[in-house]
Amino acid sequence: MWQRFGEDPTNPLYAEYGGHHGIDISSPFPGVYSVDDGVVVWAGPLASRPARGRFVIVGHSWGDTHYYHLDGMVVSAGDSVSKGQYLAAWTNHLHFGVQVGEDFKDPDDYLWWAE
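What comes next is a walk through the structure. Remember, it's a predicted structure, so these values are computed and weren't measured experimentally.

A few points about the pattern of salt bridges
Following the criterion strictly, the structure yields one salt bridge and no others. Arg 54 is paired through a salt bridge with Asp 71; the nearest N and O atoms lie 3.6 Å apart. One end of the pair, Arg 54, is in strand β4 (residues 54-60); the other, Asp 71, is in strand β5 (residues 63-71), and 17 residues separate them in sequence. Assessed through its relative accessible area of 43%, Arg 54 is described here as partly exposed.

A short note on the pairing of β4
Within β4, six of the seven residues are buried, which leaves it mostly tucked inside the rest of the structure. Strand direction decides the pairing type here: strand β3 (residues 38-44) and β4, joined by five bridges, are antiparallel. Residue pairing across strands places Gly 44 opposite Phe 55, the latter belonging to β4. In the sheet, β4 pairs with β5 via seven bridges, with the strands oriented antiparallel. Across the sheet, the residue bridging to Val 56 is Tyr 67, located in β5. Counting the residues that bridge the hairpin from β4 to β5 gives two residues.

Points about the side chain of Ser 34
Tracing the chain through its elements places Ser 34 in the loop between β2 (32-33) and β3. We classify Ser 34 as buried; its relative accessible area is 1%. Separated by 2.6 Å, the side chain of Ser 34 and the backbone oxygen of Asp 36 make a polar contact.

Here we look at unusual backbone geometry
Although it is not a glycine, His 69 sits at a positive phi angle of roughly 70°. Secondary-structure assignment places His 69 in strand β5.

Description of the nonpolar core
Soluble globular proteins tend to pack their nonpolar side chains together in the buried interior. Counting residues in each nonpolar core, the largest one holds 18 residues, and the members touching the most others are Val 56, Tyr 67, Leu 70, Leu 87, Leu 94 and Phe 96. Elements supplying a minimum of two residues to this core: β1 (23-25), β4, β5 and β7 (86-100). If you tally residues by element for this core, the top one is β7, at six residues. Discounting residues that sit within four places of it in the chain, Val 56 has contacts with Val 40, Trp 42, Ala 43, Thr 65, His 66, Tyr 67, Leu 70, Met 73, Val 75 and Leu 87.

Description of the packing of aromatic side chains
Enumeration according to the criterion identifies four aromatic pairs in this entry. Residues Phe 55 and Tyr 68 carry aromatic rings whose centres are separated by 5.2 Å and whose planes lie at 80° to one another, so their mutual orientation is edge-to-face. Within this pair, whereas Phe 55 is found in strand β4, its partner Tyr 68 is found in strand β5, the two being separated by 13 residues in sequence. Accessibility expressed as a relative area gives 7% for Tyr 68, which makes it buried. When the centroid spacing of 5.3 Å and the interplanar angle of 50° are considered together, the rings of Tyr 67 and Phe 96 count as tilted. Residue Tyr 67 is located in strand β5, and its partner Phe 96 is located in strand β7; the two are separated by 29 residues in the primary sequence. Taking the relative accessible area as the measure of exposure, Phe 96 reaches 2% and is therefore buried.

Scoring rules and cut-offs
- Per chain, the residues get numbers from 1 upward, laid out in the order the sequence is written.
- Where local features are concerned, this predicted model is filtered to residues with pLDDT of at least 70; where side-chain atom pairs are given and counted, the filter is 80 or more; whole-chain, interface and lining totals use all residues.
- Side-chain metrics in this entry use all non-hydrogen atoms of the structure; hydrogen atoms and water are not considered.
- Throughout this description, the term salt bridge denotes a Lys or Arg side-chain nitrogen within 4 Å of a carboxyl oxygen of Asp or Glu.
- By the criteria applied, helices consist of DSSP H or I runs no shorter than four residues and strands consist of E runs no shorter than two, each listed in order from the N terminus.
- Partly exposed describes any residue whose relative accessible area lies between the buried limit of under 20% and the exposed limit of over 50%, with all areas from a 1.4 Å probe on protein chains only and scaled to the type maximum.
- Only strands joined by at least two bridges in the DSSP assignment are considered to pair.
- Nitrogen and oxygen atoms within 3.5 Å of one another constitute a polar contact, given that in protein one can donate a hydrogen and the other can accept it, and given that sequence-neighbouring residues count only through two side-chain atoms.
- For the purposes of this section, nonpolar cores are sets of buried Ala, Val, Leu, Ile, Met, Phe, Trp, Tyr and Cys residues that join through side-chain atoms within 4.5 Å.
- Here, residues are in contact when the closest pair of their heavy atoms is within 4.5 Å.
- Ring pairs are drawn from Phe, Tyr and Trp, using the six-membered ring of Trp, whenever the two centres fall within 6.5 Å, and their geometry is named by plane angle: stacked under 30 degrees, edge-to-face over 60, tilted for the rest.

Coordinates in, geometry out; function isn't part of it.
Structure, rendered in structure tokens:
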């Protein structure tokens, strides 16, 4: 992991948001997997947020998980996904975020390997 939740709020990339709202993971993991059952809310790029690249947002009963900087996505908006289901490959790193209501939470508390 090379950037933690809330780090570097003075970085111009995060100044608009008041800090880093997720964690950045750089590792040779084979893919990106859903941390819980849910429904894909978004899958693809977003012109207004080009720095995110291609990304997936999965809605769960308790909040949303955000997966940015993806490649080779195999899900689309509206798809139901299960915990541990493959969503996509990643590029040079994975940004993982957790949003509950309007608030971003520390993703370390929601990762499947933390159970």
